[in-house]
Amino acid sequence: MELKTQLQFELTEFADDRGEERIPAIGNYDYWLLLMEYFIAKSDSFEIHCWNEEVVAIEEFTSNVPGLFEITKKEGMTIFTGVLTVEIAEFLITRPMNREKRLAWFSVFLSNGEQHVFSSEHWGTEFFVPDVTEEDLLFIKHVAPDDTLFNQYT
């Protein structure tokens, strides 16, 4: 059986000194948009986690995206799951920022069938790619901010 390479990567520099706000030091999320576009193309379903107190993000998602998803509440989070439609993909790419200029969703998970493809966590500053290919790795390293820490393992 062939061992598959897993990739975990994360930003290490933030706009605030302690990294509590999780806003990248580079001041934008261009890398996140490129990563999402790349992995959305490989995915057919999604899961988004928001903290229940992130009322604006929850309301914006539910009022702006057609209802091909389920909403559950669990452990202080509102979780959206469903088919990754064109409308949902477009919303993720075109409306990712909240009023504080931070990514609107705590976590975004993309899958293809039962296979997890990509995750963006802690407001777009920590990521995981199972079964990463050389092509994936080259792309990720090309678009990731300079301060990104990469951890590859089998």
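Cut-off values and rules
- Every chain is numbered independently, its residues counted from 1 as its sequence is written.
- Under the rules for a predicted model, residues below a pLDDT of 70 receive no local features and side-chain atom pairs below 80 are neither given nor counted, while totals for whole chains, interfaces and linings still include all residues.
- The basis for the side-chain values is all heavy atoms of the structure; hydrogens and waters are excluded.
- Paired strands are those between which DSSP finds at least two bridges.
- Secondary structure elements follow DSSP: runs of H or I no shorter than four residues count as helices, runs of E no shorter than two count as strands, and numbering proceeds from the N terminus.
- Axis definition: a line fitted to C-alpha atoms, limited for helices to the stretch in contact. Angles are taken between N-to-C directions and run from 0 to 180 degrees.
- Burial here depends on accessible area, computed with a 1.4 Å probe over protein chains only, as a share of the maximum for the residue type. Under 20% is buried, over 50% is exposed, and the range in between is partly exposed.
- Polar contacts here mean pairs of N or O atoms no more than 3.5 Å apart (in protein, one a potential hydrogen donor and the other a potential acceptor; neighbouring residues in sequence count only if both atoms are side-chain atoms).
- Residue contacts are defined here by distance: any two heavy atoms, one from each residue, within 4.5 Å place the two residues in contact.
- When a carboxyl oxygen of Asp or Glu lies within 4 Å of a side-chain nitrogen of Lys or Arg, that pair is called a salt bridge.

Undergrad: Before we go on, may I ask you to explain the sheet that holds strand β1 (residues 6-10) in this structure?
TA: Pairing between the strands of a sheet is mediated by backbone hydrogen bonds and can be parallel or antiparallel. One open sheet accounts for eight strands, arranged β3-β4-β2-β5-β6-β7-β1-β8; its pairing is antiparallel. Edge positions in the sheet fall to β3 (69-74) and β8 (149-153), since each has one partner strand and no second. For this sheet, the mean inter-axis angle between neighbouring strands, taken without regard to orientation, is 15°. Here six bridges tie β3 to strand β4 (residues 77-83), and the two strands are oriented antiparallel to one another. Note that in β4 the partner of Ile71 across the bridge is Phe80.

Undergrad: Help me out: how do you make sense of the side chain of His49 in this one?
TA: Tracing the sequence through the fold places His49 in strand β2 (residues 45-51). Its relative accessible area of 13% is what places His49 among the buried residues. There is a polar contact of 2.5 Å between the side chain of His49 and the side chain of Glu47. Each residue touching His49, except ones within four places of it in the same chain, is listed here: Met77, Thr78, Ile79, Trp105, Phe106, Ser107 and Phe109.

Undergrad: So what exactly am I meant to see when it comes to the pattern of salt bridges here?
TA: Pairs can form between side chains of opposite charge once their charged atoms are near each other. Applying the stated criterion across every chain, the model contains four salt bridges. Notably, a salt bridge pairs Arg22 with Glu126, separated by 2.9 Å at the nearest N-O pair. Note that Arg22 is positioned in the loop between β1 and α1 (30-40) and Glu126 in strand β7 (residues 126-129), a separation of 104 residues in sequence. Glu60 is the partner of Arg95 in a salt bridge, and the nearest nitrogen-oxygen pair spans 3.8 Å. Of the two residues, Arg95 is situated in the loop between α3 (86-94) and β5 (107-112) and Glu60 in helix α2 (residues 55-64); the sequence distance between them amounts to 35 residues. Assessed through its relative accessible area of 27%, Glu60 is described here as partly exposed.

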